There are 2 protein chains.
Amino acid sequence: MLLHGMLHAETGAEAWLRYAPLGETEAAKYSSLPASVVVLGDSLLLHSAQQETIRGARGMLGRTLREATDQVREESIVLGSIAALNTAAPVLKHPPELRGDGFWLTTGNVNGFTCLIIAGATDRGVLYGVFALLSRIARGESAVQLDDLEQPYAPVRWVDDWDNLNGRIERGYAGRSIFFDGGKVRDDLTRAGDYARLLASIGINGCAVNNVNADPKVLADDFLPQLARIADAFRPWGVQMAISVDLSTPKVIGGLDTFDPLDPRVRDWWLKKVEDIYKLIPDFGGIVVKADSEGRSGPSTYGRTPADAANMIARALKPHGGLVFYRAFVYNHHLDWLNPKNDRAKAAYDNFHPLDGQFDDNVIIQIKYGPIDFQVREPVQPLFAGLRNTNEAIELQITQEYTGQQRHLCFLAPMWKEVLDFDLQVENPPRRHGDTEKIGPSGHRIIGSSAQLLTSRSPDHPGSPDRPVLASWGGHPITRSPDALLTPVKDLVAGKVFHRPTGGFVGVANVGLDANWLGHPLAMANLYAFGRLAWNPNLSARAVADEWTQLTFGRDPLVLRTISSMLLSSWHLYESYTGPLGIGTLTDITGSHYGPGVESSERNGWGQWHRADHQGVGMDRTQATGTGYTAQYPEAVARVYENLATTPDDLLLFFHHVPYTYMLRAGKTVIQQIYDSHYEGAQGAQQLVVQWESLKNHIDDERYEAVLARLEYQAGHAIVWRDAVCNWFLRISGIPDAKGRVGHYPNRIEAEAMQLQGYSVIDVAPPETASEGKAVECSATAQNCAAVFHFQEKAGWYDVDVQYFDQNSGASKFRILVDNQVVDEWSAGDALPSAKINGDTSTRREIRGLALRPGDEIRIEGFPDRGAHAALDYMELHPASGYVQATAGNPGSHGHR
Amino acid sequence: MLLHGMLHAETGAEAWLRYAPLGETEAAKYSSLPASVVVLGDSLLLHSAQQETIRGARGMLGRTLREATDQVREESIVLGSIAALNTAAPVLKHPPELRGDGFWLTTGNVNGFTCLIIAGATDRGVLYGVFALLSRIARGESAVQLDDLEQPYAPVRWVDDWDNLNGRIERGYAGRSIFFDGGKVRDDLTRAGDYARLLASIGINGCAVNNVNADPKVLADDFLPQLARIADAFRPWGVQMAISVDLSTPKVIGGLDTFDPLDPRVRDWWLKKVEDIYKLIPDFGGIVVKADSEGRSGPSTYGRTPADAANMIARALKPHGGLVFYRAFVYNHHLDWLNPKNDRAKAAYDNFHPLDGQFDDNVIIQIKYGPIDFQVREPVQPLFAGLRNTNEAIELQITQEYTGQQRHLCFLAPMWKEVLDFDLQVENPPRRHGDTEKIGPSGHRIIGSSAQLLTSRSPDHPGSPDRPVLASWGGHPITRSPDALLTPVKDLVAGKVFHRPTGGFVGVANVGLDANWLGHPLAMANLYAFGRLAWNPNLSARAVADEWTQLTFGRDPLVLRTISSMLLSSWHLYESYTGPLGIGTLTDITGSHYGPGVESSERNGWGQWHRADHQGVGMDRTQATGTGYTAQYPEAVARVYENLATTPDDLLLFFHHVPYTYMLRAGKTVIQQIYDSHYEGAQGAQQLVVQWESLKNHIDDERYEAVLARLEYQAGHAIVWRDAVCNWFLRISGIPDAKGRVGHYPNRIEAEAMQLQGYSVIDVAPPETASEGKAVECSATAQNCAAVFHFQEKAGWYDVDVQYFDQNSGASKFRILVDNQVVDEWSAGDALPSAKINGDTSTRREIRGLALRPGDEIRIEGFPDRGAHAALDYMELHPASGYVQATAGNPGSHGHR
């Protein structure tokens, strides 16, 4: 194995662990870093910690530190557990708070030499400390005179990956599985090891590797040794492997005729299976269960409760230290939409609140952040406050299932922060014990990021209210007055409010084989943010964005300012052109979850209704007149949402049905806000391209180009969203846009209005996803088709946009001719998530700088390919700026200047 | 075919025709460029001209110009020959001087519209005018109110490519042939077409596609149709295809029993063959002949002269307009080195001067610039002045056969300029006619580059004398006083002095399939410079370097300043560490022509002797005491060289044998200058790396990294050269370096002095190419070997250089361990031009920032591969700067700071 090369292309594979060379001036700041790295003791994790230190220093500082073991013979970086350090340097007193995965960076005397010490309660803590030190160096922070203690906020900091054994990933948008292929674990697990290293660097300590919609075969006898190979790849990085299971497995492949959790044969089957697993994987992390939901088997088959099922598996795991993650995402997807009291949002609370206290201590209820399903905006799930005697974890989604699928930029940390900081105002929480301890002994310095929090903070993005800040020391709140007893979500899930033995954070990651892990180079900010917030949810979204940007793209101030600001505005932007006012999903909800499909959620059993009709919009979830969902919240929160006047605008339509003319606090009607928000959002998406273009030559070309391509696509697709939603609401409400934009496209020429040669006009479904509801398609058997029109406007320079459909069933080709001159051609070979002609596939091609003259024949030729029909929606012409509009015409008036 | 993509990696394939987008501000300068490009008439060349205009404008300005033919209906860019223009716009008066491949860029009224007109005497001139306009735009020069006439200096501006039919290229350093593979013309000739476009863009109008050491099969009946396909690829760009032939072809494959040029059967064979060629290739350019040289057949076999042979072929070509290029590189390579009067330098003059006047008018004698063979420094070939009634062309070498083979940076324009500007002071040249005409009518503007020449000029590089400037108008000298009658080489080869019908410039290019054409991304500056100087040899090397840098890397002032300055210093740098004082080749002359091999030229029949012995060095070529070579020059020049005192230092040893203690004008002895020059040169090569590193983030990463890797290699190989030459002269002269450097390497540990495990000590040949003449090699059958030593210096940070041998017979691997810690490893898989352990393959690996402690075991492990023996020369340790030298030692003295 060669040491990592000096030069490599910036594919994004290195993510935030690039260890790019510092400039000479920057490197000089670390010139006194000890030359030796001594590891106290011997373990896989300590070896990783030592090698990572060497790798980081070599990359950033261009020098190779000396490896040493146990003996400190010169000034050194010393890596070791507290226990080992107590032996090597008994005089050093470690902070008593250091425990779990926490670490301590300090300077002290070992064996007579001044050393930089990285200590952990465990070897994993030591590894985390190494990554923290290297991150400091990469970001230009001081590495001398350290005395910093960091403690994770909660013991559980996990990711789930929804990989199927065949290699596909459910809701994965970056290629195939890094774990599985063709029903087996991959031979080459290099990427799995690389992934574990990335996870470790942000403090993530567990990973469930297969889809929660689990294939029973994952527990087959011949599969376990394969799983053990993944665990082997994870182990050097302290990431515990876990799996998702199907509860019916004992029956489906286990030879039993039942999977009733109370049946002793079933219990024994799980006992035996878990024992087999631990023989192969001694550090196996646990089991994730999705049951009785979306067609999955579950205990309800036998009239048993989730507690019965969870505890059965928990008891098998208990002797080995394993955990059960039982997902609260249990709901009926055959809900009767005619009954106005029915409400999917109530399901988790209704199902699990009654079971509070019945779950074993090694069971964690894994709860999505909102009551629906990873929407761009939801209120916080009330169940977080509804379990006082049960462990919880919050489930966040790193993979952008409903937030643009990594084709749109959507940095989720601001949303997660709003959720985690949300105070559920639990009634009568128990008195905290140990609050004073958390202030920390004065001898140790408060870590940088928290210290910053104490002094300054800017809002994460323009749209977010500036909430009160909870500063922290070592990850624990310190500014909280003992009387205030806030009960934010982060404290509930971390088990701090009800003194639970465990709990924490789970993120659904779904990385893939794409070199850059998540498809969009900027999407990795979400994985980074998840880990950082799971470690310390008191970090601000801006702090996380800044850290990630510096580590990923370097420290050019323009780059930092631009990317961080793009990240921080992106969630609000995506919300504003896809679903403002808490309206919930307007996407194709039974299919791709990607493009617009406003009505797809209505009148079906899946329960994600927005109830828009000709008079109004929104779902009444009040106790007074609606589904009664608000009653699930603690009294103080319920009061806010029950009342139309106190419900915040951004959740208005989630809680209330209002007429389109309802006047918002902002001083405009709901319908006008729907229009304005979509136009502003689409405009903002164009602006992202401009912001990014300012970074040309400030970052590497490879990532520059990759991001630019995605942003340009996003800018076009934001217009598809804008027009689909606005036109749908114009049609149903009958209320025109006060600014005259919706339904009026003066520069647009519909394909169906052109002269068609071979093309035939089709109705697009849903109609709002194509302009005027129609498109033209070319029969798959045709060689090619053409749509022609004659330009009759003023002579001049024009920018031309062609709206076409890029179906994933083939790669159509297009070309544009002006008076028989080919002026553009392209291949529609992207892999958008649909084979249909609709809002998933509607794509914009921008052609800049065409000189058009009255009478010009403009001809769009489409060449279908396999199942792709070279379909067209419309063409738009805009006068181009920045050109002298030299014109043709009467020679007499122009000829003699 | 898709139009060129918007985004592409910077592989170098686009060379200087990148048409990279201008920034918005820059593009605004061209906002009034007409939107339409009208071509008058119809031809392949005009079509190329029109499409190139559109391509360039689209790339740089982001707009698509309108194609039109014949009719001007609005303000337009109008492309056409003078003839066509006279019809379309009779009122426009073109400059009478416009002829041949010249062009005229002007503004004028056509059909009542103000137009930008690009006119040529021929369609090829129109194409050249288009490239000139696009180059102006790419370099930010004005494109309005133009009235510029450019006329090429000479009709012949050709390249030769020495491609073998099997696909290998003789003296090619950038991959395999773009024309041939496996004895056939390639199916895919895309690159051949791209090459022709590059050539056309710099005014090159002919290309001979096969090796001058020609395979007779090139004239086989079934090969001609294949050649026609290459000509087809060239034709749209006005590049005439030519071939090299073997004179014995009629006998070898033609069925005759002779190839005597005076035999009528042979004459008829050529007649018929040439007719066959023109049937397939109506614009065939001609035939290149290398004969009676280096083992090639020739007319001497039958006692005939070169004139007999050349005229025979010329008469076959004459009716079709073809040319014969008869190479003057004819010499005896079995010269008796014991005879001090023998001198290869005299061969060309001796062979061809007597034949002056005997060659037909369509024969050109193709003459290398110097009397030897493309050395880094030679005097000008006297034959240029020795042919008064014969056409000539100068042969320059773009491929860097003796100047670093594109692994070393060596920009040759400064050398070519010295050659071309060299005044041979021909006796009694005929009075020029038409000198006044060349001043040009006052109505037309002098072209930009020439205008600049008039006002300012800095020396091309520090080492070159600042010669009198010949400014020009339209490529013709204008400051020359009619009385002065300078006869510089450029005027001789262009036929201006003796009023020859044709003549000019031939460059040996040898581009290959490597994406960037010549291997080293910066080597393309040589191809560019050749074309530009062939078009206008009055351009300064700096002007050419600036143009190329701007076109190739953009207009960042730091980039322009840095690259241009690196280019301009590089020839002198290469000369100074490989062969100063005109000593001639010190390379492995019978083999690779690459690494050092000081004695390889001595005592053999090839005649490139430097005659170094224990007392002195240099070859006496005077009339008084030497070979009499100086007598070949016109009197005034001969006088300068004959006299030791007037011979310039940089050619001293070419003309004179002097003792090592001879005192140079610079005030130091010859031997000390040899030492100093090599040390300064090697130092300068290190400096190139530093200069380049300042461009990080100012140019694209891809080319940045590619160039950096070559420069780092060069810096190491310059040390190999330095040490080889200095040590050889130290040994032979016995005179120590006054600065104590040569032979003293205090930080060096010889591999043969280490503890060897499996490695065995070998003598390297020639001995000066390894330190102390020895190396260690690992038997090919061994798994691996090791060389070990114990570090005993002061503890601290060190940079370590390992000198190893990268044989091209396999890819050895190496790794370095310090006290069993792997601190570096690499693969020796470069394709250097030798399978031997010598100066061709000696390579430096720099390992920066190692912390070493007294007693450390340093272990170099080598893993042989096939015929590569993981051979080692030495290791060098240098204290590293920029680190705090934290040390180990007595804890009492360091422990408590």
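Small disclaimer: the values here were computed from a predicted structure and weren't measured.

Criteria and cut-off values
- Residues numbered from 1 in each chain as written.
- Chains lettered and ligands numbered in written order.
- Predicted model: local features only at pLDDT ≥ 70, side-chain atom pairs only at ≥ 80, totals over all residues.
- Heavy atoms only, no water.
- Helix = DSSP H or I, 4+ residues; strand = E, 2+ residues; numbered from the N terminus.
- Rg over C-alpha atoms; globule rule 2.2 N^0.38 Å.
- Buried < 20%, exposed > 50% of the residue type's maximum accessible area, 1.4 Å probe, protein only.
- Contact = heavy atoms within 4.5 Å.
- Areas by Shrake-Rupley, 256 points an atom, 1.4 Å probe, with all protein chains shown as cover.
- Lys, Arg positive; Asp, Glu negative; His and termini not counted.
- Charge placed at Lys NZ, Arg CZ, Asp CG, Glu CD.
- Axes fitted to C-alpha atoms, helices over the stretch in contact; angles between N-to-C directions.
- Parallel < 35°, antiparallel > 145°, perpendicular 65-115°, else oblique.
- Left-handed = near helix turned anticlockwise from the far one by under 90°.
- Nonpolar A, V, L, I, M, F, W, Y, C, P; charged D, E, K, R; others polar.
- Polar contact = N/O pair within 3.5 Å; in protein donor to acceptor, adjacent residues only side chain to side chain.
- Salt bridge = Lys/Arg side-chain N within 4 Å of Asp/Glu carboxyl O.
- pLDDT = per-residue confidence, 0-100.
- Pairing = 2+ DSSP bridges.
- Expected span 1.5 Å × (residues − 1).
- Disulfide = S-S within 2.5 Å.
- Phe/Tyr/Trp six-rings, centres within 6.5 Å; stacked < 30°, edge-to-face > 60°.
- Lys NZ or Arg CZ within 6 Å of the ring centre and 35° of its normal.
- Core = buried A, V, L, I, M, F, W, Y, C linked by side-chain atoms within 4.5 Å.

1. Looking at the overall build of chain A
Logical step 1: In terms of helices and strands, chain A carries 22 helices and 31 strands.
Logical step 2: Taking 29 Å as the expected radius of gyration for a compact globule of 897 residues, we find that chain A reaches 29 Å, a close match to that expectation.
Logical step 3: By residue count, 64% of the 897 residues in chain A fall in the buried class.
Logical step 4: The contacts of chain A with a sequence gap of at least 6 include a subset with a gap of at least 24, amounting to 75%.
Logical step 5: On chain A, roughly 30,600 Å² of surface is accessible, and the fraction owed to carbon and sulfur atoms is 52%.
Logical step 6: Here chain A contributes 83 positively and 107 negatively charged side chains, and the mean placements of these two sets differ by 2 Å.

2. Here's the deal with the packing of helix α17 (residues 557–578) of chain A against helix α20 (residues 670–693) of chain A
Residues and elements named next belong to chain A.
Logical step 1: Running from N to C, α17 and α20 point in directions that differ by 155 degrees, and their axes come no closer than 8 Å. By the criterion of interaxial angle, the relationship of α17 to α20 is roughly antiparallel. Helix-helix and strand crossings are classified by hand; for α17 and α20 the assignment is left-handed. Residues T562, I563, S565, M566, S569, L573, S576, Y577 and T578 of α17 form the contact with α20, whose participating residues are S677, H678, G681, A682, G684, A685, L688, Q691 and W692.
Logical step 2: Per-class residue counts for the contact of α17 with α20 are 8 nonpolar, 10 polar and no charged.

3. Some points on the side chain of N838(B)
Residues and elements named next belong to chain B.
Logical step 1: Mapped onto the elements, N838 comes out in the loop between β28 (821–828) and β29 (842–852).
Logical step 2: A distance of 2.8 Å separates a polar atom in the side chain of N838 from the backbone nitrogen of D840.
Logical step 3: Here N838 is in contact with V764, A765, T769 and F805, once residues within four sequence places are set aside.

4. Concerning the pattern of salt bridges
Side-chain pairs of opposite charge can arise where the charged atoms are in close proximity.
Logical step 1: Counting across every chain of the model gives 124 salt bridges over all chains.
Logical step 2: Close ionic contact of R859(A) with E861(A) constitutes a salt bridge, the shortest N to O distance being 2.8 Å.
Logical step 3: Classification of R859(A) as buried rests on a relative accessible area of 17%.
Logical step 4: In this structure, the salt-bridge partner of K290(B) is E294(B), at a minimum N-O distance of 2.6 Å.
Logical step 5: Residue K290(B) is classed as buried on the basis of its relative accessible area of 5%.

5. So, the confidence of the model for chain A
One rule of thumb: low pLDDT means the predicted coordinates there are not for detailed reading.
All names here are of chain A.
Logical step 1: Per-residue pLDDT for chain A averages 91, and the proportion of residues at 70 or more is 91%.
Logical step 2: Throughout residues 1–7 the model reports pLDDT below 50, and contacts reaching past four residues in sequence, or to other chains, amount to 12 contacts.
Logical step 3: In the predicted structure, residues 886–897 sits below a pLDDT of 50 and forms 25 contacts with residues beyond four places in sequence or in another chain.
Logical step 4: Across the whole predicted complex the pTM is 0.91, and at the interface the ipTM reaches 0.88.

6. Focus: the pairing of strand β27 (residues 812–818) of chain A
On a regular strand, one side chain projects to one face of the sheet and the next to the other, so that they alternate.
Residue and element names in this part refer to chain A.
Logical step 1: Across the 7 residues that make up β27, a large majority, 5, are buried.
Logical step 2: Note: β27 against strand β28 (residues 821–828), 7 bridges, orientation antiparallel. Within the sheet, the bridge partner assigned to F814 lies in β28 and is W826.
Logical step 3: Hairpin connection from β27 to β28: 2 residues lie between these consecutive antiparallel strands, with D819 at a positive phi of about 45 degrees.
Logical step 4: In terms of strand pairing, β27 meets strand β30 (residues 857–863) through 6 bridges, oriented antiparallel. Bridging across to β30, K813 finds its partner in F863.

7. Topic: the packing of helix α15 (residues 524–535) of chain B against helix α16 (residues 541–553) of chain B
All names here are of chain B.
Logical step 1: Between α15 and α16, the shortest axis-to-axis distance is 10 Å and the interhelical angle comes to 125 degrees. Considering the angle they form, α15 stands oblique to α16. α15 and α16 meet at a crossing whose hand is right-handed. For the pair formed by α15 and α16, the contact residues are M524, A525, Y528, A529, R532 and L533 on the first element and V544, E547, W548 and L551 on the second.
Logical step 2: Among the residues making up the contact of α15 with α16, the classes are represented as 8 nonpolar, no polar and 2 charged.

8. Re helix α2 (residues 44–61) of chain A
In an α-helix there are 3.6 residues to a turn, and that puts residues three or four apart on one side.
Residues and elements named next belong to chain A.
Logical step 1: End to end, α2 covers 25 Å across 18 residues, agreeing with the expected 26 Å (1.5 Å per residue, within 8%).
Logical step 2: With 14 of its 18 residues buried, α2 lies for the most part within the structure.
Logical step 3: Directly beyond the C-terminal end of α2, a positive phi value near 70 degrees is found at G62.

9. Details of the side chain of D160(A)
Residues and elements named next belong to chain A.
Logical step 1: Inspection of the secondary structure assignment puts D160 in strand β7 (residues 156–160).
Logical step 2: Of the side chains with opposite charge, R327 comes closest to the buried, unpaired D160, at an N-O distance of 5.2 Å.
Logical step 3: A polar contact is formed between the side chain of D160 and the side chain of Q366, at a distance of 3.1 Å.
Logical step 4: For D160, the residues in contact, after removing those within four places along its chain, are A208, V212, V288, Q366, V506, G507, V508, A509 and N510.

10. Describing helix α4 (residues 123–138) of chain A
Logical step 1: Helix length check: α4(A) (16 residues) gives 23 Å between terminal C-alpha atoms against 22 Å at 1.5 Å per residue, within 8%.
Logical step 2: In terms of burial, α4(A) is a largely internal element, 15 of the 16 residues being buried.

11. Overview of the state of the cysteines
Residue and element names in this part refer to chain A.
Logical step 1: One pass over the structure, following the stated rule, counts 2 disulfides over all chains.
Logical step 2: Between C778 and C785 runs a disulfide, and the two sulfur atoms are separated by 1.9 Å. In this structure the cystine formed by C778 and C785 twists about its S-S bond by roughly 75 degrees; its chirality is therefore right-handed. In terms of burial, C778 and C785 fall into one category: buried.

12. Details of the environment of L133(B)
Residues and elements named next belong to chain B.
Logical step 1: By secondary structure assignment, the location of L133 is in helix α4 (residues 123–138).
Logical step 2: With 400 residues separating them in the primary sequence, L133 and L533 have C-alpha atoms 18 Å apart.
Logical step 3: Sequence-distant contacts of L133, defined by excluding residues within four places in its chain, comprise L105, L116, I118, A143 and L146.

13. Considerations on the packing of aromatic side chains
Logical step 1: Taken as a whole, this structure holds 68 aromatic pairs over all chains when the rule is applied.
Logical step 2: Measuring from ring centre to ring centre gives 6.3 Å for F179(B) and Y195(B), while their planes differ by 55 degrees; the resulting arrangement is tilted. Of this pair, F179(B) sits in the loop between β7 (156–160) and β8 (180–181) while Y195(B) sits in helix α5 (residues 190–201), and the two are 16 residues apart along the sequence. We note that F179(B), like Y195(B), is buried.
Logical step 3: Through a chain of ring-to-ring contacts, three or more aromatic side chains come together here, namely F179(A), F180(A), Y195(A), F223(A), F234(A) and W517(A).
Logical step 4: Geometry around Y153(B) places K496(B) over its ring, the cationic atom sitting 4.3 Å from the centre.
Logical step 5: A cation over a ring is seen here: R621(B) above F654(B), with NZ or CZ 4.0 Å from the ring centre.

14. Some words on the sheet that holds strand β11 (residues 240–245) of chain B
Residues and elements named next belong to chain B.
Logical step 1: Read around the barrel, 8 strands follow the order β7-β10-β11-β12-β13-β14-β15-β18 and close on themselves; strand pairing throughout is parallel. Strand-to-strand twist in this sheet, taken as the mean axis angle between neighbours without regard to direction, amounts to 25 degrees.
Logical step 2: Against the sheet, helix α6 (residues 224–234) engages β10 (206–208) and β11, with an angle of about 145 degrees to β11.

15. Let's talk about the nonpolar core
Logical step 1: One finds L527(A), W692(A) and F729(A) to be the most contacted residues of the largest nonpolar core, which totals 234 residues.
Logical step 2: Ranked by residues supplied to this core, first place goes to helix α21 (residues 701–733) of chain A with 13 residues.
Logical step 3: Excluding its chain neighbours within four sequence positions, the residues that come into contact with L527(A) are W16(A), V159(A), Y195(A), L199(A), I202(A), I398(A), A509(A), V511(A) and L518(A).
Logical step 4: If you look at the next biggest cluster of nonpolar residues, it comprises 233 residues, including A413(B), L586(B), F654(B) and I699(B).

16. Focus: the environment of H657(B)
All names here are of chain B.
Logical step 1: Counting through the fold element by element, H657 comes out in the loop between α19 (652–655) and β20 (658–659).
Logical step 2: The sequence separation of H657 and M619 amounts to 38 residues, and the corresponding C-alpha distance is 5.0 Å.
Logical step 3: In contact with H657, other than residues within four places in its own chain, are R611, D613, G616, V617, G618, M619 and D620.
Logical step 4: One polar contact links the side chain of H657 to the main-chain carbonyl oxygen of G618, over a distance of 2.7 Å.

17. What to know about the sheet that holds β28(B)
Either a parallel or an antiparallel arrangement is found when strands of a sheet pair, and the pairing is made through backbone hydrogen bonds.
Residue and element names in this part refer to chain B.
Logical step 1: Pairing within the open sheet is antiparallel, and its 5 strands lie in the order β22-β25-β30-β27-β28. The open sheet has two free edges, formed respectively by β22 (755–757) and β28, since each of these has just one partner strand. Looking at each pair of strands side by side, their axes are set apart by 15 degrees on average, direction ignored.
Logical step 2: The sheet contact formed by strand β25 (residues 785–790) and strand β30 (residues 857–863) spans 6 bridges and is antiparallel.

18. Concerning the environment of E861(A)
Residue and element names in this part refer to chain A.
Logical step 1: Tracing the chain through its elements places E861 in strand β30.
Logical step 2: Here the alpha-carbon distance between E861 and C785, two residues 76 residues apart in the chain, equals 5.7 Å.
Logical step 3: With near-sequence residues (within four places) excluded, E861 lies in contact with Y759, C785, A786, K813, F814, R815 and L817.
Logical step 4: A distance of 2.8 Å separates the side chain of E861 from the side chain of R859, its partner in a polar contact.

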